[in-house]
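A closer look at the structure
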Amino acid sequence: MKDSVNQPILLVEGLGKTVANHANHKQVLAEDALIILHDIDLCIQRGDSVAIVGPSGSGKSTLLGLIAGLDVPTCGTIHLDGKNILQLNEDERAALRGEKIGFVFQSFQLLPSFTALENVMLPLELQENNTTYAQARQQAEELLARVGLSEREHHYPGQLSGGEQQRVAIARAFVSKPSLLFADEPTGNLDTHTGQQVIDFMFELNREQGTTLVLVTHDHVLANRCARVLELQDGQFCTTAKTAKAEQG
Ligand SMILES: Nc1ncnc2c1ncn2[C@@H]1O[C@H](COP(=O)(O)OP(=O)(O)OP(=O)(O)O)[C@@H](O)[C@H]1O
Ligand SMILES: [Mg+2]
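Residues numbered from 1 in each chain as written. Chains lettered and ligands numbered in written order. Predicted model: local features only at pLDDT ≥ 70, side-chain atom pairs only at ≥ 80, totals over all residues.

**A closer look at the overall build of the chain**
Using the following cut-off: Helix and strand definitions follow DSSP, with helices as H or I runs of at least four residues and strands as E runs of at least two, each counted in order from the N terminus. Exposed residues have 12 or fewer other C-beta atoms within 10 Å of their own C-beta, buried residues have 20 or more, and residues in between are partly exposed; the C-beta atoms are placed from the backbone. By the convention adopted here, residues are in contact when the distance between their C-beta atoms, placed from the backbone, does not exceed 7 Å.
Looking only at helices and strands, the chain has seven helices and eleven strands in total. Looking at the chain as a whole, 39% of its 249 residues are labelled buried. Counted over contacts in the chain with a minimum sequence separation of 6, partners at least 24 positions apart contribute 68%.

**As for unusual backbone geometry**
One non-glycine residue, phenylalanine 108, lies in the positive phi region at around 65 degrees. On the basis of neighbour counts, which here come to 20 C-beta atoms within 10 Å, the residue phenylalanine 108 falls in the buried class. Its identity as a non-glycine residue notwithstanding, lysine 177 has a phi of 45 degrees, on the positive side. Residue placement: lysine 177 occurs in the loop between helix H5 (162-174) and strand E7 (180-184).

**Some words on the sheet that holds strand E4 (residues 75-80)**
As a reminder, the rule being used: For two strands to count as paired, DSSP must find a minimum of two bridges between them.
Taken together, the four strands give an open sheet; going across it, the order is E2-E1-E4-E5, and neighbouring strands pair in antiparallel fashion. A single partner strand is all that each edge strand has here, and the edge strands are strand E2 (33-44) and strand E5 (83-84). As defined by bridge partners, strand E1 (residues 10-20) adjoins E2 across eight bridges and the pair is classed as antiparallel. Bridge pairing links lysine 17 to leucine 37 in E2.

**Things to note about the nonpolar core**
Heads up, the rule is: In these notes, a nonpolar core means any group of buried Ala, Val, Leu, Ile, Met, Phe, Trp, Tyr and Cys residues linked to one another through C-beta atoms within 7 Å.
Residues Val120, Leu144, Ala171 and Phe182 are the most contacted members of the largest nonpolar core, which totals 62 residues. No other element matches the six residues that H5 contributes to this core. Residues within four places of phenylalanine 182 in sequence aside, it is in contact with Leu64, Ala68, Ile101, Phe103 and Val214.

**Topic: the site of ligand 1**
How we decide: Here is the check we use: build the C-beta atom from the backbone, and if it is within 6 Å of the molecule or strand, call the residue near. Side-chain classes are defined by residue name, with Ala, Val, Leu, Ile, Met, Phe, Trp, Tyr, Cys and Pro counting as nonpolar, Asp, Glu, Lys and Arg as charged, and the others, Gly among them, as polar.
Near ligand 1 the following residues occur: Val19, Leu34, Ile36, Gly54, Ser56, Gly57, Ser58, Gly59, Lys60, Ser61, Thr62 and Gln106. Counting residues per element, the ones that place at least two in the shell around ligand 1 are E2 and helix H1 (60-67). With three residues, H1 is the single largest residue contributor to the shell around ligand 1. Tallied by class, residues from the shell around ligand 1 come to three nonpolar, eight polar and one charged.

**With respect to the environment of histidine 79**
Checked against the element boundaries, histidine 79 lands in strand E4. Its 18 C-beta neighbours within 10 Å are what place histidine 79 among the partly exposed residues. Sequence separation between histidine 79 and glutamate 13 is 66 residues; the distance between their C-alpha atoms is 8.7 Å. When sequence neighbours within four positions are dropped, the list of residues in contact with histidine 79 reads Leu11 and Asn84.

**Details of the packing of helix H3 (residues 116-126) against helix H4 (residues 133-146)**
Short version of the rule: Interaxial angle, 0 to 180 degrees, is taken between N-to-C directions of lines fitted to C-alpha atoms, where a helix line uses only the stretch in contact. Here roughly perpendicular refers to angles of 65 to 115 degrees, roughly parallel to angles under 35, roughly antiparallel to angles over 145, and oblique to all remaining angles. By the definition used in this description, the sense in which the near helix is turned from the far one sets the handedness, with an anticlockwise turn below a right angle giving left-handed and a clockwise turn giving right-handed.
Packing of H3 against H4 brings their axes to within 9 Å, and their N-to-C directions diverge by 125 degrees. Taken together, the axes of H3 and H4 are oblique relative to one another. As for the relative orientation of H3 and H4, their crossing is right-handed in sense. Only Ala136, Arg137, Gln139, Ala140, Glu141, Leu143 and Leu144 of H4 make contact with H3, whose side of the interface consists of Ala116, Leu117, Val120, Met121, Leu124 and Glu125.

**Concerning the environment of serine 107**
Of note, serine 107 is situated in the loop between strand E6 (101-104) and H3. On a C-alpha basis, the gap between serine 107 and aspartate 184 in space is 8.6 Å, while along the polypeptide they are 77 residues apart.

**Some remarks on the pairing of strand E9 (residues 228-233)**
Summarising the sheet, strand E3 (residues 49-53) and E9 pair through four bridges and their orientation is parallel. Each bridged residue has a counterpart across the sheet, and for isoleucine 52 the counterpart in E9 is leucine 230. In textbook terms, the turn of a hairpin is the stretch between consecutive antiparallel strands, and for E9 and strand E10 (residues 236-237) this stretch comprises two residues, one of which, aspartate 234, has a positive phi near 50 degrees.

Here is the structure:
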């Protein structure tokens, strides 16, 4: 599957997510719904870097999960590399994710019974290509070295600090050389120095491999490195705060 250069890598139109409002213990009426996201439009070009900011609960993680095909919206369309992902079945969506997408979750989601190295190798092992075990291992080792964790390869997530687990999650997201990286608070658990290293690393891959970055963050340093900053408020993009930063050289 080749990337078609002329179309946006991600095109989102009229996206909405509504859930039943179970917080209300009274009888749940049909209209008693909680709108998490409302009428979201988003167009992201290849190689772009976009920060999504906004208060806690504004819908950032929900939006990221929807556009990465991990969750299903109530309405709207999502085209990833020209493909309407909502028309794919679960297996097709998973294959597309495996090939094109890296995802760093807010809660890391490392597999607890796998070592750091095994966690990073996993996306390569799940891909339907000819990567051998030795190649997967070598690539995973390189990625762990780049996030400063060579000494921790054989540790399990439970033996790693929060920031170390976050760096393993980042290595895992990058190991398959995705066209698109979604990261939810990738520097949220890191000290300033380590956070800066991880930011530099993501932008190196953005430059070297043209990886498109879509980052949810409260970190102003990280948001300001992105070419665009979009602000969510109460499930909608806040147009007044939508700032298109001048092209970065
Ligand atoms: N499955 C669900 N059922 C009900 N409410 C949900 C569900 N998922 C998310 N929400 C609600 O939707 C809102 C948006 O949640 P989301 O996790 O997207 O926020 P966020 O912007 O990522 O916040 P944070 O900065 O705290 O991570 C929150 O009010 C949350 O409680
Ligand atoms: Mg969140």
